[in-house]
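Coordinate inspection notes
Given next are the chains, with one letter for each unit.
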Amino acid sequence: MEVFIQQLTNGLAVGGIYALIALGYTMVYGILKLINFAHGELFALGAYLGFTLLVSVGLTGYFGTGAAILITVVMVMGLSALAGYLLERVAYRPLRKSDRLSAVVSALGASIFFQNAIMLIWDARYRAYPADLLPNVTLSFAGQDIPLIRVVVLATSVVIMLLLYFFINRTRMGMAIRASAIDQGAAKLMGIDVRRVIAIVFLIGPALGGLAGVMVGVYYGQINFNMGQLYGLKAFTAAIIGGIGNIHGAMIGGLLLGLVEAFGAAYISLAWRDAITFCVLIVILVVRPTGILRERVAEKL
Amino acid sequence: MIASISPASSKWKNWLLGAQIVGAAAFFSLPQFGLGAYWLDVLNAVGISAILALSLNIILGHAGMFHMGHAAFFAVGAYTTAILNTRLEWPIFATMPFAGMAAGIFAVAVASPIIHLRGDYLLMVTIGIVEIVRIALINNVFGLTGGSNGIIGIARPVLFGFRIARPQHFFCLIWGFAALSMLLFYWLEHSRYGRALKYIKEDSVAAEGMGVNTDRYKLSAFVIGAVWAGFVGTIYASKMRTISPGSFSFWESVVLFMIVILGGSGNQKGVLLGAFLVSGLPELFRGLQNYRMLVFGAALVLMMIFRPQGLLPPKTRNYTLPEPLAGKFP
Amino acid sequence: MIILSLKTLVKSFGGLVAVAGVSFDVERGDVVGLIGPNGAGKTTVFNLITGALRPDGGDIFFDGHRIDRGKPHQIVKLGLARTFQTIRLFAGMSVLENVLSGYHCRMGSGIVSSLLRLPHQRREERVALTRAMEELEFVGLADVWRAKAGGLPYGDQRRLEIARALATEPKFMVLDEPAGGMNDQETYELRGLIGRIRKRDITIMLIEHDIGFVMKVCSKLVVIENGAIIAEGVPEEIQRDPKVIEAYLGVDD
């Protein structure tokens, strides 16, 4: 029971992080039908920007811990969004009219570029986040002690996802995003500025990814320059589980993958944890590429 | 639209062919002219990449399948040789067919369920496969792969009593195998088989509708590429004498993918050029070694925007009609 | 002699029934026109016959074989070739290579004989080139054999699709809107070409919207509406059938 509760909460916390990253994949895919390979690197960029603000700049020294974290998060989200916007502008927009696979290769190139830029700027070694950001206390849940940090991470991702949920379902811009995802041509005819929708998606996705980067730094205490690749692949798996292009699916897929990993690591094997995730990715893509939520759609000949 | 072949251009072609032969001969005599061991090693590394990229070219360049897990097949070949050699003390060249076979069987197992997948999904799945293989190697699967330290003490290859050990020996072995691979792949490309792969790349629905068994051809392209990567694994294992999971990472696959795409997918000369650019050129600018992947990442983006077909795109194949048709339709 | 036989074919997409129990037979040597309003299910019937789609119910028999579970390439090999409604040539390849794709299924050399360029493989290539050029001469495109298929004028691309299908050495050809996008002169020539194909003992089935063309070319017509057959017979009968006039011809005029 102890292992179960610990892994349940841990899985949900990590799953929330996966979900935040997966949202970036799924929103871009929904509009552009493009897997944004560089998205995982934007997440890593966010983690390093957070490191710079918290450690190198030492925001905690100027403000209180709480305010410093808040300022860091806001700045990281803004800078990641900017990086996402530039990425779209430079690497994807010129390829809007060319064939899909050219855009995929360009995305791959951008991802390689970002990862190596991060390595050159911040060095290849592990970097540590401040250990004393959150008080080292535990909460009691079902008779178990749960670290506060775990609760904060999970709560943050849930709040952000709820905000996004309302944005997508209740606002005009959210409706424009959903409409463009279903049929870009029709959306254009209805007077929706699809270029703006694309820009918005490339701002929101990376902002969420950057936030997730900071959360990983705070949660695990250390970051590495190639973390974007692993987390990117896992978040993509989460997006695929929920049906890529499906925003609610990405949230559910992220949490689900977090749980699968946590329980897989605890009850099957820690060493094979990542391999289990990749097997899930392969099996879902082969058996049910539209994800677990969506109906199968017939392909037009 | 219709290319004409005038006597002048055929003379020019002979010159070009002659220059290529002289160039190749000069290349193969490099060790004789006292090229240092360091540069020979660089050329050997380029050669290994080149053969791997040529085998990937069949899958990615000709059949148009976005496969980014080629390092997995390379790893299966190298580990097969290492295990057979260190455990059973088989001579290196005796392990080679088995290395190719193991990689080929592995390809059938992993590729059959995924060849239907769309380009971008296939890319993701093949990345997943190469990672799974690496994790399996690190976890010392079947107790044979030696975990993250890998396998040490692999023997040198012996050919007709001659022990291949020095860089110049490997130079001849690697580039000889590269030349053989290019010849065989050239023939393969210029056959019914190579045409079928091109039809699939152009439009796989139309290819199937014209009677091409697209599933079988896609799978067999994977198998040929894998078998060849397995052969290269044998050479690599005996050259390094020590192999570990680190040599077969995701980045190895990325580099091979880049060689084919940047050089010109579907064109052997393009792939060869790509191998020199991506694995050779950085050695000339050692100080900039760290910027290598940064530059190539940016190059991929720029290439897709300005020249998506690669530096040397494949030419349309030239056919010579048998007589009397050749006279009738110039 | 019946060469193709459809028995109560059913196919639906999601909730939409595209083909609802279609049955008919095609006699060897006929030119059958499959007509009907847009969205009637004509192309779906074609896709079922050629194996591009699997029927939800019913059987298809072709030349003594049951083909409703077959894959497209197997059906081509049995002697049933097709052209596509939207032209699907290998646009980046030469005219000759496009026709060679059709002859592919009549060749046998595999990986090993290609890798090693064995003598029988080279012989077979020469035969293939000769056969491909014969088909190009047959449709009148032999002079442009080196040209890129994608660069040909529209009418020539349609003819190249026919040459490619002929190179599979079919007994039966299904043509999906062969006259689509052609001008009057090209349509006239196409009629001649279809006549010459018929003389080679190849049975033809086609979908076409140009009613004048269908009436002149076809020996038998099958009219479908909403996925079901509403009339079947020789062109003169069909022209007078009140159901057809109401459903299709009336709308067209």
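Residues numbered from 1 in each chain as written. Chains lettered and ligands numbered in written order. Predicted model: local features only at pLDDT ≥ 70, side-chain atom pairs only at ≥ 80, totals over all residues. Heavy atoms only, no water.

Before going further, it helps to spend a moment on the overall build of chain A. Looking only at helices and strands, one finds twelve helices and four strands in chain A. Whereas a compact globule of 301 residues would reach a radius of gyration of roughly 19 Å, chain A reaches 19 Å, a difference of no more than 12%. Taking all 301 residues of chain A together, the buried fraction comes to 55%. Long-range contacts, defined as pairs at least 24 residues apart, comprise 75% of the intrachain contacts of chain A with a sequence gap of at least 6. Counting every atom, chain A has about 12,900 Å² of accessible surface; 66% of that belongs to carbon and sulfur. Averaged over its 21 positive side-chain charges, chain A has a centre that lies 10 Å from the centre of its 13 negative ones. (Helix = DSSP H or I, 4+ residues; strand = E, 2+ residues; numbered from the N terminus. Rg over C-alpha atoms; globule rule 2.2 N^0.38 Å. Buried < 20%, exposed > 50% of the residue type's maximum accessible area, 1.4 Å probe, protein only. Contact = heavy atoms within 4.5 Å. Areas by Shrake-Rupley, 256 points an atom, 1.4 Å probe, with all protein chains shown as cover. Lys, Arg positive; Asp, Glu negative; His and termini not counted. Charge placed at Lys NZ, Arg CZ, Asp CG, Glu CD.)

Before going further, it helps to spend a moment on a nonpolar patch on the surface. All names here are of chain B. Residues Y38, W39, L281, L284, F285, L288, Y291 and V295 make up a contiguous nonpolar surface patch of about 770 Å² in total accessible area. For the nonpolar patch, the secondary structure elements donating two or more residues are helix 2 (37-62) and helix 11 (268-284). Along the chain, Y38 turns up in helix 2. Since its relative accessible area comes to 37%, Y38 is described here as partly exposed. (Patch = residues over 30% accessible without salt bridge, like charges linked within 9 Å, V, L, I, M, F, W, Y side chains within 5 Å. Salt bridge = Lys/Arg side-chain N within 4 Å of Asp/Glu carboxyl O.)

This part is about the pairing of strand 1 (residues 2-13) of chain C. All names here are of chain C. Bridge count for strand 1 against strand 2 (residues 16-27) is nine bridges, and the pairing is antiparallel. In the strand pairing of strand 2, L9 is matched with V22. The turn joining strand 1 and strand 2, which pair antiparallel and follow one another in sequence, is formed by two residues; a positive phi near 60° is taken by G14. As paired elements, strand 1 and strand 4 (residues 57-62) share five bridges and run antiparallel to each other. What sits directly across from S5, in strand 4, is F61. (Pairing = 2+ DSSP bridges.)

For B:N140, which is not glycine, the phi dihedral falls at a positive 55°. Its relative accessible area of 32% is what places B:N140 among the partly exposed residues.

A separate point is the packing of aromatic side chains. The tally for this structure, following the rule as stated, stands at 31 aromatic pairs over all chains. Summarising the aromatic geometry, the rings of A:Y25 and A:F236 are spaced 5.8 Å apart at their centres and angled 75° between planes, so their arrangement reads as edge-to-face. Of this pair, A:Y25 sits in helix 1 (residues 2-32) while A:F236 sits in helix 10 (residues 227-242), placing them 211 residues apart in sequence. Residue A:Y25 is classed as buried on the basis of its relative accessible area, which comes to 3%. Cation over ring: C:R88 sits above C:F84, and NZ or CZ is 5.7 Å from the ring centre. Lying across the ring of C:F138, C:R196 places its NZ or CZ 4.7 Å from the centre. (Phe/Tyr/Trp six-rings, centres within 6.5 Å; stacked < 30°, edge-to-face > 60°. Lys NZ or Arg CZ within 6 Å of the ring centre and 35° of its normal.)

Within the largest apolar cluster, 265 residues are counted, with the highest numbers of intra-cluster contacts made by B:I243, C:L96 and C:L136. The element contributing the most residues to this core is helix 1 of chain A, with 15 residues. If you look at the next biggest cluster of nonpolar residues, it comprises 28 residues, including C:I3, C:V32, C:A40 and C:L80. (Core = buried A, V, L, I, M, F, W, Y, C linked by side-chain atoms within 4.5 Å.)

Turning next to the environment of B:G104. Residue and element names in this part refer to chain B. In this structure, G104 sits in helix 4 (residues 92-111). Through-space distance from the C-alpha of G104 to that of F73 is 7.9 Å; in sequence the pair is 31 residues apart. For G104, the residues in contact, after removing those within four places along its chain, are V223, A226 and V227.

This part covers the confidence of the model for chain C. Across chain C, the average pLDDT comes to 91, with 98% of residues at 70 or higher. Interface confidence in the predicted complex, given as ipTM, is 0.92; pTM for the same model is 0.90. (pLDDT = per-residue confidence, 0-100.)

Residue and element names in this part refer to chain C. Taken in spatial order, the six strands make up an open sheet running 6-7-8-3-9-10, and their pairing is mixed. Each having just a single partner strand, strand 6 (80-82) and strand 10 (228-233) make up the two edges of the open sheet. Strand-to-strand twist in this sheet, taken as the mean axis angle between neighbours without regard to direction, amounts to 20°. Bridge count for strand 3 (residues 31-35) against strand 8 (residues 203-207) is four bridges, and the pairing is parallel. By the bridge assignment, L34 is partnered in strand 8 with I207. Strands strand 6 and strand 7 (172-176) of the sheet are contacted by helix 6 (residues 154-166), whose axis makes an angle of about 155° with strand 7. Helix 7 (residues 184-199) rests against strand 3, strand 7 and strand 8 of the sheet, and its axis sits at about 145° to strand 8. (Axes fitted to C-alpha atoms, helices over the stretch in contact; angles between N-to-C directions.)

The two faces of the sheet receive side chains in turn, since in a regular strand these alternate between them. Among the five residues of strand 8 of chain C, five are classified as buried, and the element is accordingly described as predominantly covered. Crossover handedness for the path strand 7 of chain C to helix 7 of chain C to strand 8 of chain C: right-handed. (Right-handed = clockwise from strand over helix to strand, strands pointing away.)

The subject of this paragraph is the interface of chain B and chain C. Contact residues are listed per partner, giving 41 residues for chain B and 45 residues for chain C. For the pair chain B and chain C, the two sides together bury roughly 4,100 Å², of which 64% comes from carbon and sulfur. By the criterion of area lost to chain C, the three top residues of chain B are B:R192, B:Y199 and B:M210, representing 20% of everything that side buries. Counting every contact that joins chain B to chain C gives five salt bridges. The shortest N-O distance in the salt bridge between C:K71 and B:D215 comes to 3.1 Å. One can count 19 residue pairs in polar contact (both at pLDDT 80 or more) joining chain B with chain C. Going through the elements one at a time, helix 6 (167-189), helix 7 (192-202), helix 8 (204-209), helix 9 (214-240) and helix 13 (325-328) of chain B are the ones with two or more residues in the side of chain B that touches chain C. Residues of the side of chain B that touches chain C, tallied by class, amount to 23 nonpolar, nine polar and nine charged. (Buried area = accessible area lost by both parts, 1.4 Å probe. Polar contact = N/O pair within 3.5 Å; in protein donor to acceptor, adjacent residues only side chain to side chain. Nonpolar A, V, L, I, M, F, W, Y, C, P; charged D, E, K, R; others polar.)

This part covers the sheet that holds strand 2 of chain C. All names here are of chain C. Strands sit in the order 2-1-4-5 across an open sheet of four strands; the sheet is antiparallel. Of all strands in the sheet, those bounded by a partner on one side alone are strand 2 and strand 5 (65-66). Helix-sheet contacts for helix 1 (residues 42-49) involve strand 1, strand 2 and strand 4, and the interaxial angle to strand 1 is about 115°.

Residues and elements named next belong to chain C. By the element assignment, E225 lies in strand 9 (residues 220-225). Distance in space between the C-alpha atoms of E225 and P37 is 6.5 Å, their sequence separation being 188 residues. Ignoring any residue separated from it by four or fewer positions in sequence, one finds E225 in contact with P37, A40, I230 and A247.

Before going further, it helps to examine the side chain of B:R317. By secondary structure assignment, the location of B:R317 is in the loop between helix 12 (292-306) and helix 13. Among the polar contacts listed, one links the side chain of B:R317 to the backbone oxygen of B:H190, at a separation of 3.4 Å. Within the structure, B:R317 has its side chain in polar contact with the side chain of B:Y319 (distance 3.2 Å). In contact with B:R317, not counting residues within four places along its chain, are B:E189, B:H190, B:S191, B:R195, B:K198, C:E97 and C:E125.

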